[in-house]
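# Chain and residue survey
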Amino acid sequence: MSRKESTFSNMVVTLFLVTLVSSAALGFIYELTKKPIEDALLNKRTLAFNIVLPEFDNDPVNEMYRIAVEKDTFSLYLGKKDGKTVGIAVETASQGYGGEIKLIVGFLPDGSINEVAVLEHKETAGLGDKILKSKSDWSTQFEGKNPEDFKLSVTRDGGNVDAITASTITSRAYCEALQKAYNALITGGEQ
Amino acid sequence: MSQWKNFTKGFIKENPVFVLFLGLCPTLGTTNSAINGIGMGLATTFVLVMSNLVVSLIARLIPDKVRIPSYIVIIASFVTIVDLIMKAFLNNPGPNFEPSLYDQLGIFIPLIVVNCIVLGRAEAFASKNSVMTSLIDGFGIGMGFTFALLLLGSVREILGSGSIFNIKFIQGDGILLFVSPPGAFLALGFLIMLMNKLSRKIS
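Residues numbered from 1 in each chain as written. Chains lettered and ligands numbered in written order. Predicted model: local features only at pLDDT ≥ 70, side-chain atom pairs only at ≥ 80, totals over all residues. Heavy atoms only, no water.

### Let's talk about a nonpolar patch on the surface
Residues and elements named next belong to chain B. On the surface, a cluster of nonpolar side chains totalling about 910 Å² of accessible area is made up of Ile158, Leu159, Phe169, Ile170, Ile175, Leu177, Leu186, Phe190, Met193 and Leu194. Elements supplying a minimum of two residues to the nonpolar patch: α7 (131-161) and α8 (181-202). It is α8 that contributes the most residues to the nonpolar patch, four residues altogether. Within the fold, Phe190 resides in helix α8. (Patch = residues over 30% accessible without salt bridge, like charges linked within 9 Å, V, L, I, M, F, W, Y side chains within 5 Å. Areas by Shrake-Rupley, 256 points an atom, 1.4 Å probe, with all protein chains shown as cover. Salt bridge = Lys/Arg side-chain N within 4 Å of Asp/Glu carboxyl O. Helix = DSSP H or I, 4+ residues; strand = E, 2+ residues; numbered from the N terminus.)

Now the structure itself:
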């Protein structure tokens, strides 16, 4: 099998052609999957709203407010029924053990936590991933609690939250994310 | 070598994980459940088959000194395609908002680019063999890899979570060690031992 000689022009032309064809193919696939990817992300968010908010009849994506607290900006989504706000979903995040933990927290209008859904996490399987409802009922201890009188930190730090065994860092991060969401909610309520 | 032998060599004789010890990073990283193992294996198989096909087609046209960069560009393109497709169609969370397959495999999908099985097959096999032979080789090695990941994922899920394919058969936790990274090394070590014993018996 005779290969092409490695002259300068041969190499330049070959690399140019290879990258050209590759990028054209990638652009084509990108265009093709653009819509389904957006749909999948939207679907994920809608699913999260259905979990964290009480029954609503509007589209929370259209009732979005950006609230800045200190250095961070939070997205708040209002869930309404018959024109009345029945719940507020707050997107929040914090640094966990394996990476960022992204949550959507649903609050009732009185400021108490309704439900929490985990959007993204990289916590250890079998330990830190107990923050997921599908893995354990640890996260149910927050439901119905109002952070005004429920201290969002683990018992070891003087709070009211039972940490996950062997996953204190994850539990702390989860509480921190909830606290941030609550702060954003309070700031948003004032505005 | 017959094409059938060419296909089956990936399972026992030249299994990338148990015999060649290639691609151990995704092997250890993604196999905390059987379904993750299959997902990772199939994604890698797709990249292997496609890159073997393209490399065997154009190997003759590529000057020797730039062959590695060219192969990497080809492989990276297919990996990005897999990533986009999985992000679009395997990205639906479960009914209780369990993370989707795409979210669970996470960073390991883009990392197929640097999986040495893929570049290894392109450089050592596809660039020297005909299109058909390379295609079958890619598929065989890919399925062998999937088989290894499925085996390791099943063992770790059964011991670590007390379930198989997300179906629980014991209450509560299993031996948590096996879902964490050290357990991956342990389980893989014992599997390699068993595979060695098995392949010696066969030959």
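### Some details on the pattern of salt bridges
Any two side chains of opposite charge can pair if their charged atoms end up close together. Residues and elements named next belong to chain B. One pass over the structure, following the stated rule, counts 11 salt bridges over all chains. Across the pair Glu14 and Arg121 runs a salt bridge, and its minimum N-O distance is 3.9 Å. In this pair, Glu14 is assigned in the loop between α1 (3-8) and α2 (24-30) and Arg121 in helix α6 (residues 116-126), connecting sequence segments 107 residues apart. Here the salt bridges do not stand alone but share partners, grouping Lys9, Glu14, Arg121 and Asp137 into one network.

### A look at the interface of chain A and chain B
Across the contact, 35 residues belong to chain A and 35 residues belong to chain B. With both chains or domains summed, chain A and chain B bury close to 3100 Å², and 71% of this area falls on carbon and sulfur atoms. Seen at the junction of chain A and chain B, the total is one salt bridge. Residue Asp103 of chain B is joined to Lys44 of chain A by a salt bridge in which the shortest nitrogen-to-oxygen separation is 2.7 Å. Inspection of the chain A/chain B interface yields three residue pairs in polar contact (both at pLDDT 80 or more). Elements that contribute at least two residues to the side of chain A that touches chain B include exactly α1 (8-52) and β5 (113-120) of chain A. (Contact = heavy atoms within 4.5 Å. Buried area = accessible area lost by both parts, 1.4 Å probe. Polar contact = N/O pair within 3.5 Å; in protein donor to acceptor, adjacent residues only side chain to side chain.)

### A short note on the packing of helix α3 (residues 34-58) of chain B against helix α4 (residues 67-89) of chain B
All names here are of chain B. Following both chains from N to C, one finds α3 and α4 inclined at 145°, their axes separated by 9 Å at the closest point. Seen from above, α3 lies across α4 with right-handed handedness. Residues Ala43, Phe46, Val47, Met50, Ser51, Val54, Val55 and Ile58 of α3 pack against Tyr71, Ile74, Ile75, Phe78, Val79, Val82 and Met86 of α4. Of the residues belonging to the contact of α3 with α4, the class tally is 14 nonpolar, one polar and no charged. (Axes fitted to C-alpha atoms, helices over the stretch in contact; angles between N-to-C directions. Left-handed = near helix turned anticlockwise from the far one by under 90°. Nonpolar A, V, L, I, M, F, W, Y, C, P; charged D, E, K, R; others polar.)

### Things to note about the packing of α3 of chain B against α6 of chain B
Residues and elements named next belong to chain B. Close contact between α3 and α6 brings their axes to 9 Å; oriented N to C, the two are set at 30°. The angle between α3 and α6 places the two elements in the roughly parallel class. When you trace α3 past α6, the crossing you get is right-handed. Mapping the contact onto sequence places Thr44, Val47, Leu48, Ser51, Asn52, Val55 and Ser56 in α3 and Ile117, Val118, Arg121, Ala122 and Ala126 in α6. Across the contact of α3 with α6, the residue classes tally to seven nonpolar, four polar and one charged. (Parallel < 35°, antiparallel > 145°, perpendicular 65-115°, else oblique.)

### Some points on the packing of aromatic side chains
This model, assessed by the stated rule, comprises 11 aromatic pairs over all chains. Between Trp138 of chain A and Phe142 of chain A the ring centres are 5.3 Å apart and the planes differ by 75°, which places this aromatic pair in the edge-to-face class. Per residue, the accessibility class of Trp138 of chain A equals that of Phe142 of chain A, and both read buried. Between Phe142 of chain A and Phe150 of chain A, the aromatic rings sit 6.3 Å apart at their centres with planes inclined by 80°, giving edge-to-face as the arrangement. For the pair Phe142 of chain A and Phe150 of chain A, one class covers both residues: buried. Three or more aromatic residues joined by ring pairs make a cluster, and in this case those are Trp4, Phe7, Phe11, Phe139 and Phe147 of chain B. (Phe/Tyr/Trp six-rings, centres within 6.5 Å; stacked < 30°, edge-to-face > 60°. Buried < 20%, exposed > 50% of the residue type's maximum accessible area, 1.4 Å probe, protein only.)

### Points about the environment of Ile170 of chain B
Mapped onto the elements of the fold, Ile170 of chain B is located in the loop between β2 (167-168) and α8. Taking the C-alpha atoms as reference points, Ile170 of chain B and Ile158 of chain B, separated by 12 residues in sequence, lie 9.5 Å from one another.

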